[in-house]
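Chain by chain, the residues run as shown.
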Amino acid sequence: MYLCSCSLVNELALTARKMFADEAKSSGLVSRVFADKEAMMAGALQMAGEIAGRSPVAVQGTKINLIYSRDHSVAEGLDYMANWNMSMLQTEDVMKSAQASMEKKSPKTIAFSKL
């Protein structure tokens, strides 16, 4: 077996070749592929509903930490996340989530804090 040493990103950028849905999914570039526009819109709305049903503090914190970690070293990202968690885990959302989990309730039934 022989392997190419260039990354997929480099290959796509340098060759400008088209990537089809099946390859994008198998390479992890996208998480799902849909048969048509209607199915895609339904899937996107379903995912948006799942995200909206979570704690806004947790969702916003996750977004901020993902972006920060992308642009910094692993050590810096972990340190930033630890500091973030020390302050943000003091909201009532953590207790509400833990209680719902123990009671086998859906996160959609929890009234989370507003940002």
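Just so you know, these numbers come straight off a predicted model, no measurement behind them.

Visitor: Tell me what's going on with the pattern of salt bridges, and back it up with residues and numbers.
Guide: All told, the structure shown has five salt bridges when counted by the stated rule. Notably, a salt bridge pairs Arg17 with Glu11, separated by 2.8 Å at the nearest N-O pair. In this structure Arg17 comes out as partly exposed when scored by relative accessible area, which is 30%. Judged by its relative accessible area of 28%, Glu11 falls in the partly exposed class. The partner of Glu92 in a salt bridge is Lys96, and the shortest N-O contact between them spans 4.0 Å. Residue Glu92 and its partner Lys96 are located together in helix 6 (residues 92-102), separated by four residues, close to a single helical turn. In this structure Glu92 comes out as exposed when scored by relative accessible area, which is 55%. On the basis of relative accessible area, Lys96 is assigned to the partly exposed category, the value being 28%. Put simply, Glu11, Arg17 and Glu23 are held in one network by salt bridges that share partners.

Visitor: If you had to explain the environment of Phe34 to someone new, which residues and values would you point to?
Guide: If you trace the backbone, Phe34 turns up in the loop between helix 2 (21-26) and helix 3 (37-52). Between the C-alpha atom of Phe34 and that of Ala21, which follows or precedes it by 13 residues, the distance is 9.0 Å. With near-sequence residues (within four places) excluded, Phe34 lies in contact with Ala39, Met40 and Gly43.

Definitions and cut-offs
- Residues numbered from 1 in each chain as written.
- Predicted model: local features only at pLDDT ≥ 70, side-chain atom pairs only at ≥ 80, totals over all residues.
- Heavy atoms only, no water.
- Salt bridge = Lys/Arg side-chain N within 4 Å of Asp/Glu carboxyl O.
- Buried < 20%, exposed > 50% of the residue type's maximum accessible area, 1.4 Å probe, protein only.
- Helix = DSSP H or I, 4+ residues; strand = E, 2+ residues; numbered from the N terminus.
- Contact = heavy atoms within 4.5 Å.

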